[in-house]
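Geometric and topological summary
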Amino acid sequence: MKLSLAAEEVATFYGKMLEHEYTTKEVFRHNFFRDWRKEMTAAERKVIKRLSKCDFTEIHRHFADRAAARRALPREEKQRLKEEAEKLQQEFGYCILDGHREKIGNFKTEPPGLFRGRGDHPKMGMLKRRVLPEDVTINCGRDSKVPEPPAGHQWKEVRSDRTVTWLAAWTENVQNATKYVMLNPSSKLKGERDWEKYEVARRLKGVVDEIRSRYRADWKSREMKARQRAVALYFIDKLALRAGNEKEEGESADTVGCCSLRVEHVQLHPEADGCPYVVEFDFLGKDSIRYYNKVPVEKPVYRNLQLFLENKDPGEELFDRLTTASLNKHLQDLMDGLTAKVFRTYNASITLQGQLRALTRAEDSIAAKLLSYNRANRAVAVLCNHQRAPPKTFEKSMQALRSKIEAKKQQVAEAKAELEKARAGHASREDGSFLEKRRRRLEKLEEQLVRLGTQATDKEEGKQVALGTSKLNYLDPRISIAWCRRFGVPVEKIYNKTQREKFAWALDMAGEDFEF
DNA sequence: CAGTGAGACTCAGAAATTTCAAA
DNA sequence: TTTTGAAATTTCTGAGTCTCACT
């Protein structure tokens, strides 16, 4: 069937995703179909009445072929495409801020497509419309040259607001949320903010003992609100939970954080695994990532939880007298600039620093030190519950690594035997360098074997743990840089180019004796 | 003056793309 | 060498946090 342009485009959005799990979900299919029908002409609507009767395979094949053709392009052609993209980046990817040329993070508006919410998102599959210049507000300096809108178009608005950092903004139709064009993390502006964030966390370090005794005292408060706040804060501090704002029902997936925990998300065990007073958490957090944890808590916490749970239905809030606003207000009184999320930053960074101290041996090889670093990083990622789907190829590549280790072991054994043979024959030879050569070969192979073993351990332990988020957003880079300098590990081993650019501020200021 | 919603920012994992090492 | 495929990196954009103005 020949579709109108508008209906065809929306159909291609679906066709491209045919292999994706999304297209098996009822909500996704339903939302897509409803929005698709809105794009159809009256005549099309008359014919196309059931999604299940539509065949998108031809569309899907078309795009699969196109992608394959692109991959098969000759080298020179690919090079040309790359250069073109670079030209675009140079022309539109930078701005001048306070006289400095700064890289922009996202300089392209988001293309139209089908909304891909995480978890059980009620809006998944809805049509995300094309952004037109008429939707875009430009924010630039009063005296700067206003970027030209595409020919025949106009910007929605041009303003000069010095109180915000965004360069352009538009409203996305699915969630009715504002989207922004902002600077790259490597920019001075973002770098300063990043630094400030860690400085607030370091100030928390100075008062955290006091805050802890305060909330422990509040566990016995006469005021219910204060008790709930104190227990919630204990969780935020001990378990690095997020604050947990209220969410509008039906607008997004049903996820919670600390303050929005419901009765159904916690279970109390007077005793479990040999420990008294155990709380079992099971809920979906940000991005619908499951948080599951069984933690022994102190008796007063346990007693309070029993109290909070009394006479409540599973769907009711555990901390019914508490909101993130009131919690943060309280925190603000305890320390200037303190909010719930600062505890995550603080605990992540202090954990990294502690783990690095505990795990690193000065006499270790670089590879062993890097394993220690990764383990420290992983401890933080586990604390923050940063998870990833195990890579689809995980088992396969793990197996490949194992067989590689076996092969290397074999080689080592052979090299050993050869060395022995060379030793035995040495007396009768003039040339000692032959023996030396064999010895070096064995040494090198053994080194490689150790490295592979390290790699395997690392891989297995990190199967479901996502290290990137903590590394990028929670760990004061100065801790890592100081560690590198102290132990002679090249910074490039832990931060790639992009990360070094983002953390340029820290590379400038962290000496080897930096302490968080 | 508590609650509410918009706005602006940080943080999040998946997906796409590029790089690199091994076959 | 050239090809292939896995790992590393980059891009993408959705999902949180928190502030502030308003009622």
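What you see as residue numbers is a count from 1 along each chain, following the sequence as written. Labels follow written order: the first chain is A, the first ligand is 1, and so on. In keeping with the predicted nature of the model, local features appear solely for residues at pLDDT of at least 70, side-chain atom pairs appear and are counted solely at 80 or more, and the whole-chain, interface and lining totals rest on all residues. Only hydrogens and water are set aside; all other atoms, that is, all heavy atoms of the structure, feed into the side-chain values.

This part takes up the overall build of chain A. A tally of regular secondary structure across chain A gives 17 helices and 11 strands. The C-alpha extent of chain A, read off along each of the three principal axes, is 95 × 75 × 55 Å. Only protein chains enter the calculation, and the probe is 1.4 Å; a residue is then buried if its accessible area is under 20% of its type maximum, exposed if over 50%, and partly exposed in between. Across the 516 residues that make up chain A, the buried fraction comes to 39%. Intrachain contacts of chain A at a sequence separation of at least 6 include 63% that bridge at least 24 residues. Counting every atom, chain A has about 30300 Å² of accessible surface; 49% of that belongs to carbon and sulfur. Elements are defined by DSSP. Helices are runs of H or I of four residues or more, strands are runs of E of two residues or more, and each kind is numbered from the N terminus. Two residues form a contact once any of their heavy atoms are found within 4.5 Å. With residues, only the protein chains shown are counted as cover, and all accessible areas are computed by Shrake-Rupley using a 1.4 Å probe.

Residues in contact with DNA strand C amount to 28 residues; listed here are only the nearest, Gly244, Thr255, Thr339, Lys341 and Thr498. Counted as a polar contact is a pair of N or O atoms within 3.5 Å, where, for protein atoms, one must be capable of donating a hydrogen and the other of accepting one, and residues adjacent in sequence contribute only when both atoms are in side chains. Within the side chain of Lys179, an N or O atom sits 2.8 Å from a phosphate oxygen of DNA strand C. In the model, a phosphate oxygen of DNA strand C is placed 2.9 Å from a nitrogen or oxygen of the Asn245 main chain. Mapped onto the surface near DNA strand C, the elements with two or more residues apiece are helix H10 (340-359) and helix H12 (394-426). Asp, Glu, Lys and Arg are counted as charged, while Ala, Val, Leu, Ile, Met, Phe, Trp, Tyr, Cys and Pro are counted as nonpolar; the rest, among them Gly, fall into the polar class. Residue composition of the surface near DNA strand C, by class: 4 nonpolar, 12 polar and 12 charged. If even one non-hydrogen atom of a residue comes within 4 Å of a molecule or strand, that residue is called near it.

Among the nonpolar cores identified, the biggest contains 72 residues, and Leu204, Phe235, Leu241, Phe281 and Phe319 are the most heavily contacted of them. At 8 residues, helix H7 (residues 224-239) tops the list of elements feeding residues into this core. An automatic or database domain assignment supplies the residue ranges for each domain. Each of domain 3 (189-338) and domain 4 (348-509) gives at least three residues to this core. Residues in contact with Leu204, not counting those within four places in the same chain, are Ile211, Met335, Leu338, Val342, Phe343 and Tyr346. Leu3, Phe13, Phe32 and Phe33 belong to the second largest nonpolar core, which has 19 residues in total. Grouping buried Ala, Val, Leu, Ile, Met, Phe, Trp, Tyr and Cys residues that are joined through side-chain atoms within 4.5 Å yields what is termed a nonpolar core.

Look at Asn176: it is not a glycine, yet its phi comes out positive at around 55°. Relative to the elements of secondary structure, Asn176 occurs in the loop between strand E7 (168-172) and strand E8 (177-181).

Turning next to the packing of aromatic side chains. Two aromatic rings from Phe, Tyr or Trp, using only the six-membered ring of Trp, form a pair when their centres are within 6.5 Å; if the ring planes differ by under 30 degrees the pair is stacked, by over 60 it is edge-to-face, and anything between is tilted. Applying the stated rule across the entire model yields 24 aromatic pairs. Relative to Tyr234, the ring of Trp219 has its centre 5.1 Å away and its plane inclined at 90°; by these criteria the two rings are edge-to-face. Highlighted residues: Trp219 in the loop between helix H6 (188-218) and H7 and Tyr234 in helix H7, separated in sequence by 15 residues. Here Trp219 and Tyr234 have matching classes, each one buried. Centroid distance Phe235 to Phe319: 6.5 Å. Interplanar angle 55°. Geometry classified as tilted. Placement of Phe235 in helix H7 and of Phe319 in the loop between helix H8 (299-309) and helix H9 (324-334) is noted, with a sequence separation of 84 residues between them. Each member of the pair, Phe235 together with Phe319, is buried. Taken together, Tyr215, Trp219, Tyr234, Phe235, Phe281, Phe283, Tyr291, Phe308 and Phe319 form an aromatic cluster joined through their ring pairs. Look at NZ for Lys and CZ for Arg. If either is within 6 Å of the ring centre and within 35 degrees of the ring normal, a charge sits over the ring. It is Lys16 that lies over the ring of Phe63; its NZ or CZ is 4.7 Å from the centre. A cation over a ring is seen here: Arg101 above Tyr94, with NZ or CZ 3.8 Å from the ring centre.

With that out of the way, let us pick up the UniProt feature "active site" (unreviewed entry) in chain A. Residues given the UniProt feature "active site" (unreviewed entry) here are Tyr474. Among the secondary structure elements, Tyr474 is positioned in the loop between helix H14 (468-473) and helix H15 (477-487). UniProt positions are given in the numbering used here, feature names are shortened, and annotations may be inferred rather than shown by experiment.

Next up on the list: the environment of Gly125. Among the secondary structure elements, Gly125 is positioned in the loop between strand E3 (113-114) and strand E4 (127-128). Each C-alpha atom, one on Gly125 and one on Arg34, is 9.4 Å from the other, the two residues being 91 residues apart in sequence. Residues within four places of Gly125 in sequence aside, it is in contact with Phe28, Asn31, Phe32, Leu114 and Phe115.

It is worth spelling out the sheet that holds strand E9 (residues 266-272) at this point. Here, strands pair whenever DSSP counts at least two bridges between them. Strand order in the open sheet formed by 3 strands is E9-E10-E11, with antiparallel pairing between adjacent strands. The strands lining the two open edges of the sheet, one partner per strand, are E9 and strand E11 (290-296). Direction aside, the axes of adjacent strands within the sheet are offset by 15° on average. By the bridge criterion, 7 bridges tie strand E10 (residues 275-284) to E11 in an arrangement that is antiparallel. Its bridge partner being in E11, Val278 is matched across the sheet by Pro296. Relative to E11, H7 is tilted by about 100°, and along the sheet it contacts E10 and E11. Against the sheet, H8 engages E9 and E10, with an angle of about 135° to E9. Angular values range over 0 to 180 degrees, each being the angle between N-to-C directions of two axes fitted as lines to C-alpha atoms, with helices fitted over their stretch in contact.

Here we take up the domain arrangement of chain A. Split by domain assignment, chain A resolves into domain 1 (5-72), domain 2 (93-181), domain 3 (189-338) and domain 4 (348-509). Using only C-alpha atoms to locate each centre, domain 2 and domain 4 end up separated by 42 Å.

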